[in-house]
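# Examination of the molecular architecture
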Amino acid sequence: MAEEKGISRRAFIGAAGAMAAVGAFGLAGCSSAAEAGDAAAAAAGPDVAPPDSFDEEMDCDILIIGGGGSGLAAAVEAGESGKSVIVLEARDVMGGNENIVEGCFGVDSQMQKDEGIVIDTSTIVHDEFRQGQYRIPGPNWLDLIKNSGENIDWLVAHGVQFMTVDPDHGVQKLFHRFEGDAGGTGYVPFMTDAAKAAGAEILMETHGDSLIQDDSGKVCGGYATKADGTVLKINAKAVLIATGSYRENDQYMRDLGFDPEHLTALGVPGHDGQGHAMAVAVGAANYRPYSCLIGDTSIPGLPGFFDGGKINPRFAQGYPINLWLNEYGERFLNEDFASENMMISMVPTAWHKRCWVFSCEQFVQDYIVMRDAGDPTNTTGEAYLDSDNSTAAEFEGAINDGLIFKFDTLEEVAEQAGFDPELFKETIERYNAYCADGLDGDYLKDPSLLVPFEEGPYYIAPLQAAANVPLGSLRTNRDFSVLDTNQEPIPGLYAIGAEGAMLWANVYTVNISGSCNANNINSARTAVKHAIANCM
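Here we take up the overall build of the protein. When its secondary structure is counted, the protein shows 15 helices and 19 strands. For the protein, buried positions account for 60% of its 536 residues. Partitioning the contacts of the protein with sequence separation of at least 6, the portion at a separation of at least 24 is 75%. Here the protein has roughly 20200 Å² of accessible surface; of this, 50% comes from carbon and sulfur atoms.

Here is the structure:
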C-alpha cells in the first residue's frame, strides 16, 4: 500500500475519457421502470436511457460487470460452484486497479500460521472505529476478519503468488505482499486463468451500460456495448456490479468536494461511474456523499515515488515543518495532522479552492540533506524506496519548470499565489510568534516542529489531492446486496469491491494495510454464495 512519502500505487497516471454508454431497463418480459428511471438517470450522471434495440441476446446464471480484483474472484467462485458466468470488462486488459495493488490483508492465513504470527483483531476494529468516527458497521468488519485468512489460502490454492507477510504501514504482520509487489504480477494472471478454467466467459472491451428488472423488481440482467458498437442483452439470475467506482467521473468527484482541475489522478483508467449510475437507476440508494478516497497529496508535475522522485509528495505531508496555506494565504491546520494516517492528507484539500505548501531556504536545505541520506522511515525493507536522484537537482529542475516557485520576499510569494498580502504577512508573523512561545495557539502542532520563518529565499508550490479509488458509492448489507432508499435489498443485485465497500468512512485507514483488497475478495465470494442460495 502507501507510505508516508506518498501513495504506493504504480504510476498509471492519466484519465481515460468516459466510455459511451447505451442504457436500458427492459424488453420482452422485463419492465422498464421508466417513470422512476427517468428521474433517477437524470441525477445519476452517465446515460442509462434504454436502447431502441439490441443486436445479440445471451443467457447466464451470474453476470459480473467488471473484471478487476473483485470481479475475477467472483467469476472463480461462481464458476467453480457450477454456475454459468459472463464477465464484462470494458478495457482491453483484465485486472483494473488490482494490477497496481501491492498485497492483501489477512488474519490466520496458512502463511501466518507457518511463521507463528498471531494478530490482535480487537485492536484492528478499535482503530477502524476511531478513525472512521464510528460511521462504519462493526459486524461487517468482523466478517472480513473472520474470512480473511481462508480467503488468502483460497487465493494461494488458485495460483496467486505472495512473497512475504509484513506490517507494511501498520504494526502487526497482516499484509500478504504479492510477488513482484503488484497484483499485475501476483494476482491478475493467475485469477484470470482460474476464471477461464472454471468456465467463465470473459467479454473484453465490452462496457456494461444498464440493468434490467422484471415485473417484481428483481434485477434479471443487463445491457452492454462491445467495442464495435454491438449492443448485447444479457439475461441473468443475478448481477454483480464490480466496476471499481467513479474516479474518472468529474461530476461525481465535484460532488465529493474535489475540483478535477486541481486533482492528480492515480490508478488505471476505466472507472467512469456507470456501475453506480445503473444501480441508482433501478432504485439503489446513492451513497456517494459518504465515500472516502484512497490517495494522498501531490505537488503536480513532479515525479512520483516509483519514478524516483524525492520531493513529491513527501515535501508536503511528510515534512510537517512546512506550512499549508489556502487560496487566501491563511494557514488552516496543524501540518503534522497526517502523521498517523497519510491518506487523511487529501481530505482538507476538498475544503479549499487552492492549497499551497510554503517553505524557506533553511527548511529546504535540511530536507535535501535528510532525503539524500536515505529515508529513515523505511521499515518495510523495500529496496526501491531510495533513489539515486539528487534531491537538490530535483528542486532546481522543479523551479526551472515552474512547478515550485522561489522568491526572495513574502510580497513576491503573495503576488505569485494570489494571496491577500496583508493576510499572508499576518499569518507568517502569527506563526513565528507561536514558534517563539513553543505553543501553536491555533492548531496545536507538535512543538518540536515549530520552527520560525526567517529571511528568504522562500519556496511555494501548489498542493492538491492525489486520488485513486473512492470507496463505497452504493450502500450494501453484509451479503453485499445493494440496498434501496428504504435500506431494503434489491433482489438479484450486488455491489462488490470498491463500489459496495461499507468498511470506511471519511478516510481509508492505510494503517490496516491491504484491507481494501481483502474486501475485494471477501465481498466477491460472499455475494456469489448469497446469490446462488437466493437467486438461482
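What follows deals with the packing of helix 13 (residues 410–417) against helix 14 (residues 421–437). Contact pair helix 13 / helix 14: the axes reach a minimum separation of 9 Å and the direction vectors enclose 125 degrees. What the angle tells us is that helix 13 and helix 14 run oblique. Seen from above, helix 13 lies across helix 14 with right-handed handedness. Between helix 13 and helix 14, the residues in contact are L410, V413 and A414 and P421, F424 and I428, respectively. By residue class, the composition of the contact of helix 13 with helix 14 is six nonpolar, no polar and no charged.

So, on to the packing of helix 11 (residues 361–372) against helix 12 (residues 391–400). Each pair of packed helices can be summarised by the angle the axes make with each other and by the distance between the axes. Contact geometry of helix 11 with helix 12 gives a least axis separation of 8 Å together with a crossing angle of 130 degrees. With respect to helix 12, the element helix 11 is oriented oblique. Residues V364, Y367, I368, R371 and D372 of helix 11 form the contact with helix 12, whose own contacting residues are T391, A392 and F395. Of the residues belonging to the contact of helix 11 with helix 12, the class tally is five nonpolar, one polar and two charged.

A few words now on empty space enclosed by the protein. Within this structure, the stated rule accounts for three cavities of 30 Å³ or more. Reported here for the largest cavity is a volume of approximately 500 Å³. Surrounding the largest cavity, 41 residues form its lining, N97, A242, T243, G244 and H271 being those nearest its centre. Listing elements by their share of the lining of the largest cavity, those giving two or more residues are helix 2 (69–80), strand 3 (85–89), strand 8 (206–213), helix 9 (274–281), strand 17 (458–471) and helix 15 (515–535). Of the residues in the lining of the largest cavity, the class split is 13 nonpolar, 23 polar and five charged.

A few words on the packing of aromatic side chains. Within this structure, the stated rule accounts for 24 aromatic pairs. Taking the centre distance of 6.3 Å and the plane angle of 70 degrees together, the rings of F395 and Y459 count as edge-to-face. Within this pair, whereas F395 is found in helix 12, its partner Y459 is found in strand 17, the two being separated by 64 residues in sequence. Grouping residues by exposure puts F395 and Y459 together as buried. Grouped by ring-pair contacts, the aromatic residues W356, F358, F363, F419, F424, Y431, F453 and Y458 constitute a single cluster. Positioned above the aromatic ring of Y252 is the side chain of R288, whose terminal nitrogen or guanidinium carbon lies 3.7 Å from the ring centre. The ring of W154 is capped by R525, whose NZ or CZ atom sits 4.2 Å from the centre of that ring.

In this section: the pattern of salt bridges. Note that side chains of opposite charge can pair when their charged atoms are close. On inspection of all chains with the given rule, the structure shows 16 salt bridges. For the salt bridge of R130 with D127, the shortest nitrogen-to-oxygen distance reads 3.7 Å. Of the two residues, R130 and D127 are both situated in helix 4 (residues 121–131); the distance of three residues between them amounts to about one turn of the helix. Look at the salt bridges and you will find they share partners, linking D166, D168, R177 and D181 into a network.

What follows covers helix 11. Helix length check: helix 11, at twelve residues, gives a terminal C-alpha distance of 17 Å against a target of 16 Å (1.5 Å per residue), a fit within 8%. On its buried face, helix 11 sits against helix 10 (314–317), strand 15 (355–360), helix 12 and strand 17.

Attention shifts here to the layout of surface pockets. Approximately 560 Å³ is the volume found for the largest pocket. The wall of the largest pocket is formed by 22 residues, among which I344, V347, W351, N506 and V507 lie closest to the centre. Taken together, the residues that form the lining of the largest pocket break down as 13 nonpolar, six polar and three charged.

On the surface, E330, D408, E411, E412, E415, D420, E422, E426 and E429 cluster together into a patch of negative charge. Take D420: its relative accessible area is 38%, and that puts it in the partly exposed class.

Next up on the list: the sheet that holds strand 10 (residues 231–235). Judged by pairing direction, the sheet is mixed, and its four strands sit side by side in the order 1-10-9-8 without closing on themselves. Of all strands in the sheet, those bounded by a partner on one side alone are strand 1 (56–59) and strand 8. Between one strand axis and the next, the sheet turns by 25 degrees as a mean value, whatever way the strands run. Where strand 1 lies against strand 10, four bridges are found, and the strand directions are parallel. Bridge pairing links M58 to I234 in strand 10.

With 67 residues, the main nonpolar core has Y187 and L471 as its most contacted residues. For this core, the element with the most residues is helix 15, which contributes eight residues. The next biggest cluster of nonpolar side chains, apart from the first, holds 43 residues, and it includes F332, V357, F405 and A417.

Here the focus is the environment of K173. Along the polypeptide, K173 turns up in the loop between strand 5 (162–166) and strand 6 (175–178). Note: C-alpha distance between K173 and G106 (67 residues apart in sequence) is 9.0 Å. Ignoring anything within four residues of it in the chain, the contact list for K173 reads Q112, I117, I119, V165, D166 and P167.

Reading the values: rules and limits
- Residues numbered from 1 in each chain as written.
- Predicted model: local features only at pLDDT ≥ 70, side-chain atom pairs only at ≥ 80, totals over all residues.
- Heavy atoms only, no water.
- Helix = DSSP H or I, 4+ residues; strand = E, 2+ residues; numbered from the N terminus.
- Buried < 20%, exposed > 50% of the residue type's maximum accessible area, 1.4 Å probe, protein only.
- Contact = heavy atoms within 4.5 Å.
- Areas by Shrake-Rupley, 256 points an atom, 1.4 Å probe, with all protein chains shown as cover.
- Axes fitted to C-alpha atoms, helices over the stretch in contact; angles between N-to-C directions.
- Parallel < 35°, antiparallel > 145°, perpendicular 65-115°, else oblique.
- Left-handed = near helix turned anticlockwise from the far one by under 90°.
- Nonpolar A, V, L, I, M, F, W, Y, C, P; charged D, E, K, R; others polar.
- 1 Å grid on protein atoms, 1.4 Å probe; cavity = no way out; pocket = protein on both sides within 12 Å on 5 of 7 lines; lining within 4 Å.
- Points joined across faces, edges and corners; volume = space filled by probe spheres on them.
- Phe/Tyr/Trp six-rings, centres within 6.5 Å; stacked < 30°, edge-to-face > 60°.
- Lys NZ or Arg CZ within 6 Å of the ring centre and 35° of its normal.
- Salt bridge = Lys/Arg side-chain N within 4 Å of Asp/Glu carboxyl O.
- Expected span 1.5 Å × (residues − 1).
- Patch = residues over 30% accessible without salt bridge, like charges linked within 9 Å, V, L, I, M, F, W, Y side chains within 5 Å.
- Lys, Arg positive; Asp, Glu negative; His and termini not counted.
- Charge placed at Lys NZ, Arg CZ, Asp CG, Glu CD.
- Pairing = 2+ DSSP bridges.
- Core = buried A, V, L, I, M, F, W, Y, C linked by side-chain atoms within 4.5 Å.

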